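# Analysis of the macromolecular model
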Amino acid sequence: MRTAIVSDIHGNLEAFQVVLEDIKQRGADRILCLGDILGYGPNPVECVDLVVEHCEWSLMGNHDFGALYEPTNFNAAAEASAYWTRAQFEAESDSKIAASRWEFLGRLRVRVTFDDFLCVHGSPRRPINEYVFPEDAINSPVKMQQIFDRVQKYCLLGHTHVPGVFTDEPDFYPPDDLEGVYKFNNGEKAIINPGSVGQPRDMDPRASYAILDEDAMQVEFFRLEYDFQTTMLKIHDIPELSDWLGDRLLEGR
Ligand code: ZN
């Protein structure tokens, strides 16, 4: 079974389309989304429609929650983007289509398990909001211990927009250190972050995602160029979205 894992699309249609096309070319049995379909980006509605069409399921991210219910712990730019995002769904004139989108968003789950995998957006402790940062592997051993205590074997999560693998040493390996592929080690717990489709923050502006192959017992990471110039200009054209949300796409931070 080959499972493509996408996360943190953040309303970036240009990036998501390129990722979906790449998944199609490489072949996957299904696509799962770890949340944050919305927020920051200029095409939240289109991205939700694509998730409905292509993904087996999606989790609830903090930005999905923010647009749907209330933006909590958001900075001013994120809060403004959450309200603008909500307004895009409210602007749908076809009431049936509008209702089915709200229905989909309202049913997003905060944790899903399959086989040996626990899936959350943020962390196993606080599934919607807690970040598991690469530097936590060095600076916060107690936090990492408490998080790994909640992982039976493997965990898939997003939220930081930084791809890579945490092991229970604890340690963190960016995809480059793994030559793009992590092979599951019997006995070693692992937390895998596929990175962000629509707003990478590891100083690489390319869209990020991963394919989990449960037969080969490995995860492969992919980076893809997309037209971030177009996405940036769309963001600049929307007064409610801070220009910085577009500018950061060029640098991947
Ligand atoms: Zn996110």
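In what follows, the accompanying structure is described.

The rules behind these values
- Residues numbered from 1 in each chain as written.
- Predicted model: local features only at pLDDT ≥ 70, side-chain atom pairs only at ≥ 80, totals over all residues.
- Heavy atoms only, no water.
- Helix = DSSP H or I, 4+ residues; strand = E, 2+ residues; numbered from the N terminus.
- Buried < 20%, exposed > 50% of the residue type's maximum accessible area, 1.4 Å probe, protein only.
- Polar contact = N/O pair within 3.5 Å; in protein donor to acceptor, adjacent residues only side chain to side chain.
- Contact = heavy atoms within 4.5 Å.
- Donors = N, O, S within 2.8 Å, 3.2 Å for Na, K, Ca; no water.
- Tetrahedral: all angles 85-135°; square planar, octahedral: opposite > 155°, others 65-115°.
- Pairing = 2+ DSSP bridges.
- Axes fitted to C-alpha atoms, helices over the stretch in contact; angles between N-to-C directions.
- Parallel < 35°, antiparallel > 145°, perpendicular 65-115°, else oblique.

To continue, consider the side chain of Arg-30. By the secondary structure assignment, Arg-30 is in strand S2 (residues 30-33). Given a relative accessible area of 12%, Arg-30 falls into the buried group. A distance of 3.0 Å separates polar atoms of two side chains, one belonging to Arg-30 and the other to Glu-56. Residues contacting Arg-30, with those up to four places away along its chain left out, are Met-1, Arg-2, Thr-3, Ala-4, Glu-56, Phe-114 and Glu-214.

For the rest of this paragraph, the subject is the coordination of the zinc ion. Within the protein, the atoms that donate to the zinc ion are Asp-8 (OD), His-10 (NE2), Asp-36 (OD) and His-161 (NE2), at distances of 1.9 to 2.4 Å. Each of the four donor atoms bound to the zinc ion contributes to angles spanning 88 to 177°, and the resulting shape is irregular. For the zinc ion, the single-chain donor residues occur in sequence as D-x1-H-x25-D-x124-H. Taken together, the positions of His-10 in the loop between strand S1 (2-6) and helix H1 (13-26) and Asp-36 in the loop between S2 and helix H2 (44-54) put the pair 26 residues apart, joining distant regions of the chain. We classify His-10 as buried; its relative accessible area is 1%. Judged by relative accessible area, Asp-36 falls into the buried class, the value being 1%.

Here strand S7 (residues 164-167) shows a buried face lined by Gly-164 and Phe-166 and a second buried face lined by Val-165 and Thr-167. Of the pairings in the sheet, the one linking S7 to strand S8 (residues 171-173) comprises three bridges and is antiparallel in character. Residue pairing in the sheet places Val-165 in a bridge with Tyr-173 of S8. The turn joining S7 and S8, which pair antiparallel and follow one another in sequence, is formed by three residues.

Further remarks concern the side chain of Gln-199. Here Gln-199 shows up in the loop between strand S10 (190-193) and strand S11 (207-213). There is a polar contact of 2.6 Å between the side chain of Gln-199 and the side chain of Arg-201. Leaving out residues up to four positions away in the same chain, Gln-199 has contacts with Asp-8, Tyr-40, His-161, Leu-245, Arg-248 and Leu-249.

With that settled, consider the sheet that holds strand S12 (residues 218-224). Pairing is mixed in the open sheet, where six strands are placed in the order S3-S2-S1-S11-S12-S9. Looking along the sheet, the strands with just one partner apiece sit at the ends: strand S3 (57-58) and strand S9 (181-183). Pairing of S11 with S12 involves seven bridges; the strand directions are antiparallel. Paired with Ala-210 across the strands is Phe-221, a residue of S12.

We now examine the sheet that holds strand S4 (residues 111-114). Reading across the sheet, the six strands line up as S4-S5-S6-S10-S7-S8 and stay open at both edges, with mixed pairing between neighbours. Edge positions in the open sheet fall to S4 and S8, since each of these has one partner strand only. The average angle at which neighbouring strand axes cross in this sheet is 20°, direction not considered.

Moving on to the packing of H2 against helix H5 (residues 95-106). Where H2 meets H5, the axes come as close as 11 Å, and the angle between the chain directions of the two elements is 70°. With respect to each other, H2 and H5 are oriented roughly perpendicular. For the pair H2 and H5, the contacting residues are Val-45, Val-48, Asp-49, Val-51 and Val-52 in the first and Arg-101, Phe-104 and Leu-105 in the second.

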